[in-house]
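# Reading the structure
The chain contents come next:
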Amino acid sequence: MSDEVRNVNEALSKITEYWQPHRLTSVNDYDVKLAKINGEFIWHTHPDTDELFLVVSGRLTIQLRDRDVVLGPNDVFVVPKGVEHCPKSNADVEIIMIEPRGTVNTGDAGGDMTAELRELS
């Protein structure tokens, strides 16, 4: 995978489900993931890792317990490890996330929204 050119917009066009992360590529022990989101996720933390969000299109709000962080296209925000957060949007958003390989999307919360990382076809 590391010796292929991947186009972010082309890859995002293949994703049809919300809240379903897909691996774009990997670098060292990190996955570069793409997802489409709409609505509200669940409150969760990643006790052992930071989580980077980069918005490709749309407007994403990352709710924290003490404030909301609003991101538009090309904005980046890192949720520090152990910080409880809940992403949400009122319309379609396309994002890139960078996390250590094996990071579960629902962190320590688990539940119905836990999704296995998929490979792009």
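So, here's what we can say about the structure. Bear in mind the structure is a predicted one, so any value in this text is a computation, not a measurement.

## Describing the overall build of the protein
Across its full length, the protein carries 1 helix and 8 strands. Over its C-alpha atoms the protein spans a radius of gyration of 13 Å, differing by no more than 12% from the 14 Å that the globule rule assigns to 121 residues. In the protein, buried positions account for 40% of the 121 residues. Intrachain contacts of the protein at a sequence separation of at least 6 include 67% that bridge at least 24 residues.

## What to know about the packing of aromatic side chains
All chains considered together, the criterion is met by 1 aromatic pair. Seen in terms of ring centroids, tryptophan 19 and phenylalanine 41 are 4.7 Å apart; in terms of plane orientation they differ by 25°. Their pairing is stacked. With a gap of 22 residues between them, tryptophan 19 in the loop between helix H1 (8–13) and strand S1 (22–27) and phenylalanine 41 in the loop between strand S2 (30–40) and strand S3 (51–57) connect regions that are remote in the sequence. Classification of tryptophan 19 as buried rests on a relative accessible area of 15%.

## A look at the pattern of salt bridges
Opposite charge on two side chains lets them pair, provided their charged atoms get close. Per the counting criterion, the structure on display carries 6 salt bridges. Between arginine 23 and aspartate 31 there is a salt bridge; the shortest N-O distance is 2.6 Å. On the accessibility criterion, arginine 23 (15% relative accessible area) is buried. Linking glutamate 119 and arginine 23 is a salt bridge whose minimum nitrogen-to-oxygen distance equals 2.4 Å. Within this pair, whereas glutamate 119 is found in strand S8 (residues 118–119), its partner arginine 23 is found in strand S1, the two being separated by 96 residues in sequence. In the salt-bridge network here, residues are joined through shared partners; they are Arg23, Asp31, Arg101 and Glu119.

## Considerations on empty space enclosed by the protein
Taken as a whole and assessed by the stated rule, the structure comprises 1 cavity of 30 Å³ or more. When its volume is computed, the largest cavity comes out at roughly 140 Å³. In terms of lining, the largest cavity is formed by 16 residues, of which the most central are Trp19, Phe41, Glu51, Met97 and Asn105. The set of elements that each furnish at least two residues to the lining of the largest cavity consists of S2, S3 and strand S7 (85–100). Taken together, the residues of the lining of the largest cavity break down into 9 nonpolar, 4 polar and 3 charged.

## Some remarks on the nonpolar core
By size, the foremost hydrophobic cluster in this structure holds 16 residues, and its most contacted members are Phe53, Leu60, Ile62, Leu71, Phe77 and Ile95. If we ignore the near neighbours within four places in the chain, the residues touching leucine 60 are Ile37, Phe53, Val55, Val69, Val70, Leu71, Pro87, Lys88, Val93 and Ile95. One finds Ala11, Leu24, Leu34 and Leu120 within the second-largest nonpolar core, a separate group that totals 8 residues.

## Notes on the environment of valine 8
Checked against the element boundaries, valine 8 lands in helix H1. The exposure class of valine 8 is partly exposed, given its relative accessible area of 25%. Residues valine 8 and valine 56, spaced 48 residues apart in sequence, show a C-alpha to C-alpha distance of 8.7 Å. When residues no more than four places from it in sequence are discounted, the contact partners of valine 8 are Leu24, Leu34, Val56 and Ile96.

Parameters and conventions
- Residues numbered from 1 in each chain as written.
- Predicted model: local features only at pLDDT ≥ 70, side-chain atom pairs only at ≥ 80, totals over all residues.
- Heavy atoms only, no water.
- Helix = DSSP H or I, 4+ residues; strand = E, 2+ residues; numbered from the N terminus.
- Rg over C-alpha atoms; globule rule 2.2 N^0.38 Å.
- Buried < 20%, exposed > 50% of the residue type's maximum accessible area, 1.4 Å probe, protein only.
- Contact = heavy atoms within 4.5 Å.
- Phe/Tyr/Trp six-rings, centres within 6.5 Å; stacked < 30°, edge-to-face > 60°.
- Salt bridge = Lys/Arg side-chain N within 4 Å of Asp/Glu carboxyl O.
- 1 Å grid on protein atoms, 1.4 Å probe; cavity = no way out; pocket = protein on both sides within 12 Å on 5 of 7 lines; lining within 4 Å.
- Points joined across faces, edges and corners; volume = space filled by probe spheres on them.
- Nonpolar A, V, L, I, M, F, W, Y, C, P; charged D, E, K, R; others polar.
- Core = buried A, V, L, I, M, F, W, Y, C linked by side-chain atoms within 4.5 Å.

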